[in-house]
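# Notes for the structure review
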Amino acid sequence: MTTRVLFVCLGNICRSPLAEGVLRHLAAERGVAGALEVDSAGTSDYHTGEAPDPRMRATAARHGVELTSRARRIEVADFRRFDHILCMDDANHEALLARGAPPEKVRLLLTLVPERGVREVPDPYFGGVDGFETVYGLVHGACAALLDELADTPRDAPGAKRGTDRP
Ligand code: 4NP
């Protein structure tokens, strides 16, 4: 049984491609990559078709994570396909709900790491290099916590949370 995870930000060139790459990387390290489908999308089409921002790719590469996605805008079909839709900030969250995403599938990514005391993954696009490292730390912690959560709630276990589109 595959669990499908979609990360969402505004441009799909910084935060959500990083989360996609980090989750894949951590899942491979834990030997669970085959049980996951991981993707990312943006609420805007500002950068459709582009590779992740070179500053984000450089930060990820320093941590041994390769980012290979191409930017795309969220589509209504994503709301059925994915089991977990994890967004970076309140504006993403509102945009997803406004387009009809099922509220029970959508969460702010950093709700996975409440101990960090940070609500939103800050948008690094217009800031300096430090912002990308901050984003990496937050996203890495949340992706590790997500894998812990998924390991605790196997899809076919009694009482496991299921997507609303499944029998
Ligand atoms: P992201 O960052 O949402 O993390 O991909 C941004 C990328 C581009 C823009 C804003 C945020 N932009 O305005 O073009």
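Since the model is a prediction, treat every value here as computed from it, not as a measurement. (Residues numbered from 1 in each chain as written. Predicted model: local features only at pLDDT ≥ 70, side-chain atom pairs only at ≥ 80, totals over all residues. Heavy atoms only, no water.)

Given two aromatic rings, one states the distance between the centres and the angle between the planes to describe the pair. For the structure on display, the rule yields one aromatic pair. Centroid distance Tyr125 to Phe126: 4.8 Å. Interplanar angle 80°. Geometry classified as edge-to-face. Using a relative accessible area of 77% as the deciding quantity, one classes Phe126 as exposed. (Phe/Tyr/Trp six-rings, centres within 6.5 Å; stacked < 30°, edge-to-face > 60°. Buried < 20%, exposed > 50% of the residue type's maximum accessible area, 1.4 Å probe, protein only.)

Within the structure, the ligand sits among Cys9, Leu10, Gly11, Asn12, Ile13, Cys14, Arg15, Tyr46, His47, Asp123, Tyr125 and Phe126. Here Cys14 contributes a backbone N or O atom positioned 2.9 Å from an oxygen atom of the ligand. Protein chains shield 92% of the accessible area of the ligand, which is 360 Å² for the free molecule. A class-by-class count of the residues in the shell around the ligand yields seven nonpolar, three polar and two charged. (Near = heavy atom within 4 Å. Polar contact = N/O pair within 3.5 Å; in protein donor to acceptor, adjacent residues only side chain to side chain. Areas by Shrake-Rupley, 256 points an atom, 1.4 Å probe, with all protein chains shown as cover. Nonpolar A, V, L, I, M, F, W, Y, C, P; charged D, E, K, R; others polar.)

Okay, the state of the cysteines next. Counting across every chain of the model gives zero disulfides. With no disulfide of its own, Cys9 has Cys14 as its nearest cysteine by sulfur position, at a separation of 7.0 Å. Residue Cys9 is classed as buried on the basis of its relative accessible area of 2%. A disulfide-free cysteine, Cys143 has its sulfur positioned 13 Å from the sulfur of Cys9, the nearest such atom. (Disulfide = S-S within 2.5 Å.)

So, on to the nonpolar core. The biggest cluster of nonpolar side chains holds 37 residues, and the ones touching the most others in it are Phe7, Leu18, Leu23, Leu109 and Val139. Looking at this core, the element that brings in the most residues is helix 5 (residues 129-152), giving twelve residues. Setting aside residues no more than four positions away along its own chain, Leu23 makes contact with Val5, Phe7, Leu36, Val38, Cys143, Leu146 and Leu147. Counting twelve residues, the second-largest nonpolar core is a separate cluster that includes Leu6, Val8, Ala41 and Ala101. (Core = buried A, V, L, I, M, F, W, Y, C linked by side-chain atoms within 4.5 Å. Helix = DSSP H or I, 4+ residues; strand = E, 2+ residues; numbered from the N terminus. Contact = heavy atoms within 4.5 Å.)

Here the focus is the environment of Thr48. With respect to the helices, strands and loops of the structure, Thr48 is situated in the loop between strand 2 (36-42) and helix 2 (54-62). When residues no more than four places from it in sequence are discounted, the contact partners of Thr48 are Ala71 and Arg73. At 3.3 Å, the side chain of Thr48 forms a polar contact with the backbone oxygen of Asp45.

The analysis is restricted to geometry; functional conclusions fall outside its scope.
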